[in-house]
Each structure stands twice: as structure tokens, then as C-alpha cells.
Amino acid sequence: MFTSYQEIILVLKRFFLNFGLYQNISSLFDTSTPKDHLGCLDGIRFLSITWVFMGHFLTQSVLPHFPIRNLLWFYKRLTQSYALDALRNPWVSVDSFFLISGILVTYLMLKELDRNKRINYPMMYIHRYLR
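Structure report, in brief. The numbering scheme is per chain: residues are counted from 1 as the chain's sequence reads. Totals for whole chains, interfaces and linings use every residue, but because this is a predicted model, local features are given only for residues with pLDDT of at least 70 and side-chain atom pairs only at 80 or more, for both listing and counting. Computation of side-chain values: all heavy atoms of the structure, hydrogens and water removed.

### Points about unusual backbone geometry
So, point 1. One non-glycine residue with positive phi stands out, namely Lys117, at about 65°.
So, point 2. The class for Lys117 is exposed, based on a relative accessible area of 66%. A simple rule labels every residue: compare its accessible area, found with a 1.4 Å probe on the protein chains alone, to the largest value its type can have, and call it buried under 20%, exposed over 50%, or partly exposed in between.

Written as C-alpha cells, this is what we have:
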């Protein structure tokens, strides 16, 4: 395992440097893209998050407590307008997250197939469960 105290000190030093403010702030604000980044999914992710936010928080927790005088008129307009169907049906937005998840799993599986010429299915499921 460890042969000297210097190796132990080196391991402990590396461990505690992971909690350093400078390293964590610089990695938090790092805007460089990884090598195999799928940029086409960023737009789908943004639209899905916006839809979930508007659907769940705006119509269920913010608007019922919003102090406006004609709340009944607003709810009537919200429920009868076809333009606001997306706000009334926010649970459909979860399907886009399933789409993104399926694309990423397929991408990683095809990458593994190119690298090893076969797929280890039990390890794929274990890796997916742990993530």
C-alpha cells in the first residue's frame, strides 16, 4: 500500500486540495467544452427546463398567490386559450428529458461498441444506475 510517510502526506495533500476554493471556483466557471460534447442537445435541454419551470412553478405555485385583482379572468383566459396549452400541460415536458437520456445512452453504447467491438450489458446497467 504505502511505503513511507511522504506518500501518505502526498495523498492527504491531494485529497484536501480538492476542497480548495480556487480550484472549485475555477472549475465551476470553466466554459470550455469537453471533447465529445453533443451541442445539439443543449437547445432541447434549455427548452425543456424552461417549459418545466413555467409549467410547474408559474401555474402551480406563483400565480395562485400573485396579488392581481382579476384573478378569475386570468384563470379563465389561461384555461381557454390554445396558445397557453403548453403551460397547462407541463408533464409532457418530461418526455423530452427521456429523449435526451435515450440519445445519450445510445451514444455511449455506440462509442463503447466502436472501442471494444462488444458491449458488456451488466456493466452498462450498473454504470447507468450509479450515474
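On we go from here.
### Let's talk about the environment of Trp91
So, point 1. Its location among the elements puts Trp91 in the loop between helix H5 (85–88) and helix H6 (94–116).
So, point 2. Its relative accessible area of 57% is what places Trp91 among the exposed residues.
So, point 3. Residues Trp91 and Val52 lie 39 residues apart in sequence; the distance between their C-alpha atoms is 7.7 Å. Numbering goes from the N terminus for both helices and strands, where a helix is a DSSP run of H or I of at least four residues and a strand is a run of E of at least two.

### Here's the deal with a nonpolar patch on the surface
So, point 1. Surface patches are drawn from residues lacking salt bridges whose relative accessible area is over 30%; two like charges belong together within 9 Å, two nonpolar side chains (Val, Leu, Ile, Met, Phe, Trp, Tyr) within 5 Å. Per-residue and other accessible areas follow the Shrake-Rupley method at a 1.4 Å probe size, with only the shown protein chains counted as cover for residues. Salt bridges are counted wherever a side-chain nitrogen of Lys or Arg sits within 4 Å of a carboxyl oxygen of Asp or Glu. Side chains of Tyr5, Ile8, Ile9, Leu12, Phe15, Phe16 and Phe19 sit close together on the surface and give an oily, nonpolar patch of about 810 Å² of accessible area.
So, point 2. Tracing the backbone shows Ile9 in helix H1 (residues 5–17).
So, point 3. Exposure remark for Ile9: the relative accessible area of 55% places this residue in the exposed category.

### Quick look at the layout of surface pockets
So, point 1. A 1.4 Å probe that fits into a set of points on a 1 Å grid over the protein atoms alone but cannot get out defines a cavity; an open set with protein on both sides within 12 Å along at least five of seven lines defines a pocket, and lining residues are those with an atom within 4 Å of a point. Grid points are joined across faces, edges and corners, and a volume is the space filled by probe spheres set on the points. Of the pockets and cavities examined, the largest pocket occupies roughly 500 Å³.
So, point 2. Residue lining of the largest pocket: 15 residues in total, with Val105, Leu108, Met109, Met124 and His127 positioned closest to the centre.
So, point 3. Mapped onto the lining of the largest pocket, the elements with two or more residues apiece are H6 and helix H7 (121–130).
So, point 4. A per-element tally of the lining of the largest pocket places H6 first, with 7 residues.
So, point 5. Here the term charged refers only to Asp, Glu, Lys and Arg, the term nonpolar to Ala, Val, Leu, Ile, Met, Phe, Trp, Tyr, Cys and Pro, and the term polar to all other amino acids, Gly among them. Partitioning the lining of the largest pocket into residue classes produces 8 nonpolar, 2 polar and 5 charged.
So, point 6. In this model, the second largest pocket occupies a volume close to 160 Å³.
So, point 7. Along its surface, the second largest pocket is lined by Asp36, His37, Leu38, Leu41, Arg45, Leu104, Tyr107, Leu108 and Lys111.

### What about the packing of aromatic side chains?
What describes a pair of aromatic rings is the distance from one ring centre to the other and the angle between the planes of the rings.
So, point 1. Ring pairs shown here join Phe, Tyr and Trp side chains whose ring centres sit within 6.5 Å, with only the six-membered ring taken for Trp; geometry is labelled stacked below 30 degrees between planes, edge-to-face above 60, and tilted in between. A complete count under the given rule lists 2 aromatic pairs for this structure.
So, point 2. Aromatic side chains Phe15 and Phe19 sit 5.4 Å apart centroid to centroid with 75° between the ring planes, which places their arrangement in the edge-to-face category.
So, point 3. On the basis of relative accessible area, Phe15 is assigned to the partly exposed category, the value being 43%.
So, point 4. A relative accessible area of 57% means that Phe19 is categorised as exposed.
So, point 5. Chaining the aromatic ring pairs together yields one cluster made of Phe15, Phe16 and Phe19.

### Looking at the side chain of Ser48
So, point 1. Along the chain, the position of Ser48 falls in helix H3 (residues 40–62).
So, point 2. A 3.5 Å cut-off defines polar contacts: any pair of N or O atoms within that distance qualifies, except that in protein one atom must be a possible hydrogen donor and the other a possible acceptor, and neighbouring residues in sequence count only when both atoms are side-chain atoms. A polar side-chain atom of Ser48 sits 2.8 Å from the main-chain carbonyl oxygen of Ile44.
So, point 3. Each residue touching Ser48, except ones within four places of it in the same chain, is listed here: Ser93, Ser96 and Phe97. Residue contacts are defined here by distance: any two heavy atoms, one from each residue, within 4.5 Å place the two residues in contact.

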